[in-house]
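Architecture and fold: a report
Listed below, chain by chain, are the residues.
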Amino acid sequence: FNRTGASPLTFILTGIPGLLMSSYWMALPLCCLYLLMVLGNCTLLWMIKTDHSLHTPMYYFLSMLALADLGLSLSTLPTMLAIFWFDSTSLRFEACIVQMYFIHSFSAIESGVLVAMAFDRFVAICYPLHYTSVLTNSLIMKTGGVIFMRGICVVLPVAVLIKKMPFCRSRVLSHSFCLHQDMLRLVCGDVKVNSLYGLTAVILTKGLDSLTILLSYTMIIRTILSIVSQETQAKAFSTCISHLCAVLIFYIPLIGLSIIHRFGKHPPPLTHTLLADAYLLVPPVLNPLVYSWKTKQIRRRILILLCRKG
């Protein structure tokens with residue numbers, strides 16, 4: 001089944017183990033989930049754009065997070081709906097490479113945005129008097145550009161390396177979309193370079209990002225604990241709750257999926273599927289809800305819009 005053969009190389013995608021592929025009772029909730037994701041993130045972007053009171057560094061970074069969430073979810077949309085609506089499980093090798101590239105790129109971009117948001121909270125709590133002078137519009141634009149370029153450039157060699165590999169084993173993937181680790185296990189050649197660079201890319205992005213976020217919150221907690229007033233402590237910590245929820249929602253499924261792919265010898269197929277779906281689908285759906293619930297300005301803006309329509 002090498003791609004140099006007469007017929008083009010295709011992969012077989014997997015739905016949910018034990019569930020019929022063309023199951024409408026699964027496809028309908030999935031469509032509702034994607035619709036909720038698109039509406040939530042687009043509404044968040046529209047509110048930040050139209051409400052001048054939200055033109056602050058915190059909400060600029062939040063708009064970047066919403067864009068990354070949209071990109072991450074829309075990368076999985078074609079194959080997920082094709083499987084559960086039309087029972088179409090085959091995917092050409094080139095299309096699988098493109099999907100894998102966009103999934104991992106947007107994942108790296110989202111991880112970088114979470115770091116930028118952690119830095120925003122660090123400056124706001126530890127150096128409040130310097131907040132506006134440090135987080136200027138110029139710095140925010142440059143930070144967004146660096147995060148975007150890092151996501152594109154770091155993942156590009158992953159796609160180039162795996163495109164040159166021969167695939168001569170089973171072509172059945174473990175998920176409803178293409179992931180690098182999943183494709184790598186189907187290669188029949190030497191995968192040391194691919195595996196090493198893939199691990200390096202993860203360390204340079206999500207590994208360093210998670211350590212930076214941890215360091216930021218260590219310093220934030222030290223600053224909060226040094227405040228005498230308990231009311232001020234609670235108010236300062238409340239500004240970080242939404243970001244902490246976004247970090248946990250993103251990193252917990254990601255860490256679980258990485259551990260299972262690299263160290264799990266014979267995990268149940270359903271475990272792979274649930275963790276991968278949670279990693280790619282849950283953060284884009286929950287992030288707008290968390291920020292709308294915990295952020296006073298966004299919650300007030302939503303209430304005003306609802307009152308006008310009422």
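Residues numbered from 1 in each chain as written. Predicted model: local features only at pLDDT ≥ 70, side-chain atom pairs only at ≥ 80, totals over all residues. Heavy atoms only, no water.

1. A look at helix α2 (residues 57-86)
- For α2, which comprises 30 residues, the first-to-last C-alpha distance of 43 Å matches the rise-based estimate of 44 Å (1.5 Å per residue) to within 8%.
- Judged by how many residues are buried, α2 sits mostly within the fold: 23 of 30 residues are covered.
- Phi turns positive one or two residues past the end of α2, at aspartate 87, with a value near 55°. (Helix = DSSP H or I, 4+ residues; strand = E, 2+ residues; numbered from the N terminus. Expected span 1.5 Å × (residues − 1). Buried < 20%, exposed > 50% of the residue type's maximum accessible area, 1.4 Å probe, protein only.)

2. Points about the pattern of salt bridges
- Applying the stated criterion across every chain, the model contains four salt bridges.
- For the salt bridge of arginine 150 with aspartate 209, the shortest nitrogen-to-oxygen distance reads 2.8 Å. Within this pair, whereas arginine 150 is found in helix α5 (residues 137-163), its partner aspartate 209 is found in helix α7 (residues 192-225), the two being separated by 59 residues in sequence.
- A relative accessible area of 22% places arginine 150 in the partly exposed class. (Salt bridge = Lys/Arg side-chain N within 4 Å of Asp/Glu carboxyl O.)

3. What about the packing of helix α3 (residues 93-126) against α5?
- Two elements in contact, α3 and α5, have axes separated by 8 Å at closest approach and are oriented at 150°. Put simply, α3 runs roughly antiparallel to α5. Crossing hand, α3 versus α5: right-handed. Of the residues in α5, those in contact with Phe93, Ile97, Met100, Tyr101, His104, Ser105, Ala108, Ile109, Ser111, Gly112, Val113 and Ala116 of α3 are Thr143, Ile147, Phe148, Arg150, Gly151, Ile152, Val155, Leu156, Val158, Ala159, Ile162 and Lys163. (Axes fitted to C-alpha atoms, helices over the stretch in contact; angles between N-to-C directions. Parallel < 35°, antiparallel > 145°, perpendicular 65-115°, else oblique. Left-handed = near helix turned anticlockwise from the far one by under 90°. Contact = heavy atoms within 4.5 Å.)

4. Some points on the environment of proline 166
- For proline 166, the location among the structural elements is in the loop between α5 and α6 (180-184).
- Distance in space between the C-alpha atoms of proline 166 and cysteine 188 is 6.2 Å, their sequence separation being 22 residues.

5. Some points on the packing of aromatic side chains
- Counted according to the given criterion, the structure contains nine aromatic pairs.
- Taking 6.0 Å as the distance between ring centres and 45° as the angle between the ring planes, the aromatic pair formed by phenylalanine 11 and phenylalanine 93 counts as tilted. With a gap of 82 residues between them, phenylalanine 11 in strand β1 (residues 10-12) and phenylalanine 93 in helix α3 connect regions that are remote in the sequence.
- Ring centres of phenylalanine 250 and tyrosine 251 lie 5.0 Å apart, and the angle between their planes is 90°; on these two criteria the pair is classed as edge-to-face. Judged on exposure class, the residue phenylalanine 250 and its partner tyrosine 251 are both buried.
- Put simply, the rings of Phe11, Phe93 and Phe167 pair up and form one aromatic cluster. (Phe/Tyr/Trp six-rings, centres within 6.5 Å; stacked < 30°, edge-to-face > 60°.)

6. Some details on the UniProt feature "transmembrane region" (unreviewed entry) in the protein
- In this structure's numbering, the residues bearing the UniProt feature "transmembrane region" (unreviewed entry) are residues 24-48, 60-86, 98-119, 139-162, 240-260 and 272-291.
- Annotated as residues 60-86, this span is 100% helix and 0% strand, and its ends, taken at the C-alpha atoms, are 39 Å apart.
- End C-alpha atoms of residues 240-260 are separated by 30 Å, and the span's content is 95% helix alongside 0% strand. (UniProt positions renumbered as here; feature names shortened; annotations may be inferred.)

7. Focus: the state of the cysteines
- In the structure shown here, the tally under the stated rule is one disulfide.
- Cysteine 32 carries a free sulfur, and the closest cysteine sulfur to it, the one in cysteine 31, is 7.0 Å from it. (Disulfide = S-S within 2.5 Å.)

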